[in-house]
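Summary of structural features
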Amino acid sequence: MQIIHHGAVNGVTGSCHQLDINPQLPSSYLIDCGLFQGAETAGKNSASQLQIDFPIDNIKGLIVTHCHIDHVGRIPYLLAAGFNQPIYTTTATAALLPLVIEDALKVGVTRDQKLIQACLNQLSKLIVAIDYHQWIALPVNLSTNRAQPVNQVKLKFKPAGHILGSAYVELDLKGPNYKHRVVFSGDLGATYAPLLASPKSPYRADTLVIESTYGDKNHQGRKDRSKQLKEIIEKAVKDNGVVLIPAFSIGRTQELLYEFEHIIYRNKHNPMWQHIDIIVDSPMAANFTQQYRAFKALWDKEAKQKLKQGRHPLDFEQLTTIDSHQDHLAVINYLDSVNKPAIIIAASGMCTGGRISNYLSRFLPKATTDVLFVGYQAQGTTGRDIQQYGPQGGYVYIDEQRIDIKAVIHTISGYSAHADQHNLINFVKRMHHKPTHIRIVHGDAEAKQALASAYQALLPMAEIEIGKA
């Protein structure tokens, strides 16, 4: 058995890992096939970033942990390269994945609906939806002429608590004299996040491939971050300016809506909270919010209790959703012409494109604007530049135009959908049979090294290594 990485080793994007099952008789599985973003695209043209530059003849299937673009964005190019094997994923992700791929094709490849539909048709033929906690057997290359170190592979998805449908992956490899369990974390969610239950550790892992986005940091507690969110918004709207929140359409947007509904409910006698407009400017986010409501059986106990009380955490009175591009531009012009506060949630989460870019171009130069980052900003992204240079009164380039930053910049780390260092350590600590081999991926260099040191202290006899391409 060996693990080869085709992404997420020089940063936090492009997740794509290949598990080779039988070295003598090639038989492999891919875990995710994501898009590169930010600094990891530097020096590469768009074609080289997207191409599948590894052989796929012996790959027997693709296993998808969740449908964020940095984990699934290269799937159309995998299909174009001739991949026609099963795509295994959870039932909820199976519902979301075509929506993500369709949007990615429209934004980054083509507006030709026939080409898009052809890709979606092929995708739908390959998707195999699997419920959580269910073992299924995977096909393996076998030969009667030689000993097989592995002749049986089983797959199971367990809830990862990152976004709707997200999972970590357990793979059991068995042979006549061989038994080994490999766990791929995908992206693990933070504990006590709204809507989704926290991930529970697997009973066992022999080899663990784990993300490290916040391997060197810990998040604020939920009460603290909710209090900070409320205080930032209340201070920000006193000058009647807009509050811009870049957020991923899947996961972060729904968590923010859940939190705003909670704040509004708790502040029934505060006129500001009862009248402020909360605008989600993203058709994709609206589609995913519908899916979150459709899969409310996967919500945690707290969210389900709110439904029983007759509350609607993702569909409340002050919420407005913007659909068409024409309405999007009209909202920007309207907000720019009136002296009225509003909260705008729009993608992309790292400000690398999407509708948030138009808001930033218009409102970053205004001192009455507040920009609130609630998620990780990868190196080389516009979001990281705003986060880094905005507090110094610097500038940023958006669509090749220099935009001076006079807006106030805020960051709340507690709303990250990623596990923090404490969560990542506990994920291993709470396993009954702990891994003898840990491979750390999906993080900046400092985060990976900090997590490696923490794991080595926890498991002195284990092999702890940082993944390399």
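See the structure above.
Please read these numbers as outputs of a predicted model, since none were measured by experiment. (Residues numbered from 1 in each chain as written. Predicted model: local features only at pLDDT ≥ 70, side-chain atom pairs only at ≥ 80, totals over all residues. Heavy atoms only, no water.)

**Some thoughts on the side chain of arginine 311**
Put simply, the rule reads: Secondary structure elements follow DSSP: runs of H or I no shorter than four residues count as helices, runs of E no shorter than two count as strands, and numbering proceeds from the N terminus. Under the rule applied, a polar contact is a pair of N or O atoms within 3.5 Å (in protein, one hydrogen donor and one hydrogen acceptor; residues adjacent in sequence only if both atoms are side-chain atoms). Any pair of residues with heavy atoms lying within 4.5 Å of one another is described as a contacting pair.
As for its placement among the helices and strands, arginine 311 is situated in the loop between helix 10 (301–308) and strand 14 (319–322). One polar contact links arginine 311 to glutamate 261, side chain to side chain, over a distance of 2.9 Å. A polar contact is formed between the side chain of arginine 311 and the side chain of glutamine 309, at a distance of 3.4 Å. Arginine 311 has contacts with Glu261, His262, Tyr265 and Lys306, leaving out every residue within four places of it along the chain.

**A short note on the nonpolar core**
Counted only if it meets this: Grouping buried Ala, Val, Leu, Ile, Met, Phe, Trp, Tyr and Cys residues that are joined through side-chain atoms within 4.5 Å yields what is termed a nonpolar core. When accessible area is computed with a 1.4 Å probe and restricted to protein chains, residues below 20% of their type maximum are described as buried, those above 50% as exposed, and intermediate ones as partly exposed.
Counting 67 residues, the largest nonpolar core has Ile75 and Phe260 as its most contacted members. Setting aside its immediate chain neighbours within four residues, isoleucine 75 contacts Cys33, Leu62, Val64, Ile87, Leu97, Ile101 and Leu123. Residues Ile332, Cys351, Leu360 and Ile405 belong to the second largest nonpolar core, which totals 25 residues.

**Quick word on the packing of aromatic side chains**
Quick note on the threshold: Only Phe, Tyr and Trp rings take part, Trp by its six-membered ring, and two of them pair if their centres are within 6.5 Å. Stacked means planes under 30 degrees apart, edge-to-face means over 60, and tilted covers everything else.
Summed over the entire model, instances satisfying the criterion amount to five aromatic pairs. Arranged with centres 5.7 Å apart and planes meeting at 85°, the rings of tyrosine 214 and tyrosine 376 form a pair that is edge-to-face. Of the two residues, tyrosine 214 sits in the loop between strand 11 (207–211) and helix 6 (222–236) while tyrosine 376 sits in the loop between strand 16 (370–373) and helix 13 (382–389), which places them 162 residues apart along the sequence. Classification of tyrosine 214 as buried rests on a relative accessible area of 7%. Tyrosine 376 sits in the buried class, given a relative accessible area of 12%. Consider the rings of phenylalanine 260 and tryptophan 273, whose centres lie 6.3 Å apart with planes at 35°: the pair is tilted. With phenylalanine 260 in helix 7 (residues 252–266) and tryptophan 273 in helix 8 (residues 271–275), this pair connects stretches of sequence that are 13 residues apart. Residue class for phenylalanine 260 comes out buried when judged on its relative accessible area of 0%.

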